[in-house]
Amino acid sequence: PTGLRALADRADLRIGTAVDMAALADDDAYRAAVAREFNTVTAENVMKWEATEPQQGVHDWAAADRLVDFARANRQKVRGHTLVWHNQNPAWVTEEAFTPAQLRAVLRRHIIDEVTHFRGKIWHWDVVNEIFNDDGTWRDSIWLRNLGPGYVADAFRWAHQADPKVKLFLNDYNNEGVNAKSDAYYELVKQLKAQGVPVHGYGVQGHLAVQYGVPADTLTNLRRFEKLGLQTAFTEVDVRMPLPADPIKIQAQAQGFTALLQACLLADRCVSYTLWGFTDRYSWVPGVFDGEGSATPYDENLSPKPAYAALRDTL
Ligand code: XIL
């Protein structure tokens, strides 16, 4: 192998990207770069519940299976993303249609179906995504309202039952450093462990912005979760900036990418570092953050930016 993945192999690190399945099918340069640069991949959207079960009991695994096949052909591991979230649920999953007991059964069925479908083919599952607010309180969702916070332990147990070998992760943003949100995760992990719940990893999305910088205690935070017995991972790294880009922002961006990579390499059990898209040609950022963009290490023409060289030099 060449590219970042060859260096990551030597560092015993998995380096990854979220994959846009339309781009993978239609864009030869994109497809070549996914294979050349990365030794793990994540489905940007096609493993989310709205994609896999558009009508109750009617599954569509085709796009996700294509990614799993691509990964196998290119000797890449697959991070499964994501089983339980407040976003991108199927339209049929509503509080009007189901009682709380039925919602619990529906969620259980979903988790067992999906984890079973991919059994043996997924390296990590992001079991629950974004369950806390930045102030450390529980995020409101159909799951919290109807099942209470115990839905998290249930979700991990159901996933483990369906594939006892896969590593099961929590995942969130704004949880890089030690703060109210990561404190809430720390307390939750202690409780889950005390209850014997199969939880194996703490996922740090790593959606940074040059205007906010990188929390200086990111490594300290990873380490405290590792001391609880968890693996850690950066799962969705990008570093956006207010547009237009300029050399200072581009330099700050490179530092943002490398600060997280260094933390991962310095930690004891940080097993992967995944970009949420590697090229500005397909990044989700401009569509969601008004006036911001240029958030990935390759520009729209698939030319590397300083962040790419910075990642390479850090590995
Ligand atoms: C985003 C995708 O990148 C977009 O294509 C989609 O429209 C919305 O979701 N945190 C997550 C990811 O965990 O699943 C989100 O992905 C980005 C934020």
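Just so you know, these numbers come straight off a predicted model, no measurement behind them.

Neighbouring residues of the ligand: Glu44, Asn45, Asn129, Gln205, Glu236 and Trp284. Counted by class, the shell around the ligand contains one nonpolar, three polar and two charged residues.

Here we take up the UniProt feature "domain: GH10" (unreviewed entry) in the protein. UniProt feature "domain: GH10" (unreviewed entry): in the numbering of this structure it lies at residues 7–314. The straight-line gap between the two end C-alpha atoms of residues 7–314 is 9 Å; of that span, 42% is helix and 19% is strand.

Taken residue by residue, the protein gives an average pLDDT of 98. The fraction at 70 or more is 100%. Overall fold confidence (pTM) sits at 0.98, and the ipTM for the predicted complex is 0.99.

All right, on to the packing of helix H6 (residues 100–117) against helix H8 (residues 151–162) then. The N-to-C vectors of H6 and H8 enclose an angle of 35°; their axes lie 8 Å apart at closest approach. For H6 against H8, the interelement crossing comes out right-handed. On H8, the residues touching Arg108, Ile111, Ile112, Val115 and Thr116 of H6 are Ala155, Trp158, Ala159, Gln161 and Ala162. Partitioning the contact of H6 with H8 into residue classes produces seven nonpolar, two polar and one charged.

Here the focus is helix H9 (residues 180–194). End to end, H9 covers 21 Å across 15 residues, agreeing with the expected 21 Å (1.5 Å per residue, within 8%). Packing partners of the buried residues in H9 comprise strand E5 (167–172), strand E6 (201–204) and helix H10 (218–227). Just downstream of H9, Gly196 is the residue with a positive phi angle, here 75°.

The side-chain alternation of strand E2 (residues 40–43) yields two buried faces, one formed by Thr40 and Thr42 and the other by Val41 and Ala43. Two elements, strand E1 (residues 14–19) and E2, share four bridges in a ladder whose sense is parallel. Each residue of the ladder has a partner; that of Gly16, found in E2, is Thr40.

Our next topic: unusual backbone geometry. Looking along the chain, the bond that leaves His81 and enters Thr82 is cis, with omega of -5°. Along the polypeptide, Thr82 turns up in strand E3 (residues 77–84). With an omega of 5°, the peptide bond between Leu243 and Pro244 qualifies as cis. Note that Pro244 resides in the loop between strand E8 (231–242) and helix H11 (247–266). Not every positive phi belongs to a glycine, and Asn174 is a case in point at roughly 55°. Within the secondary structure, Asn174 is located in the loop between E5 and H9.

In this section: the pairing of E3. Sheet faces and side chains relate simply in a regular strand, where the side chains alternate between the two faces. With seven of eight residues buried, E3 lies mostly within the body of the structure. Where E2 meets E3, three bridges bridge the pair, whose relative direction is parallel. Counterpart to Thr40 in the pairing with E3 is Lys77. Summarising the sheet, E3 and strand E4 (residues 124–129) pair through four bridges and their orientation is parallel. Residue His81 lies in a different strand from E4, and its bridge partner there is Asp126.

So, how was this worked out
Residues numbered from 1 in each chain as written. Predicted model: local features only at pLDDT ≥ 70, side-chain atom pairs only at ≥ 80, totals over all residues. Near = placed C-beta within 6 Å. Nonpolar A, V, L, I, M, F, W, Y, C, P; charged D, E, K, R; others polar. UniProt positions renumbered as here; feature names shortened; annotations may be inferred. Helix = DSSP H or I, 4+ residues; strand = E, 2+ residues; numbered from the N terminus. pLDDT = per-residue confidence, 0-100. Axes fitted to C-alpha atoms, helices over the stretch in contact; angles between N-to-C directions. Left-handed = near helix turned anticlockwise from the far one by under 90°. Contact = placed C-beta atoms within 7 Å. Expected span 1.5 Å × (residues − 1). Buried ≥ 20, exposed ≤ 12 C-beta atoms within 10 Å, placed from the backbone. Pairing = 2+ DSSP bridges.

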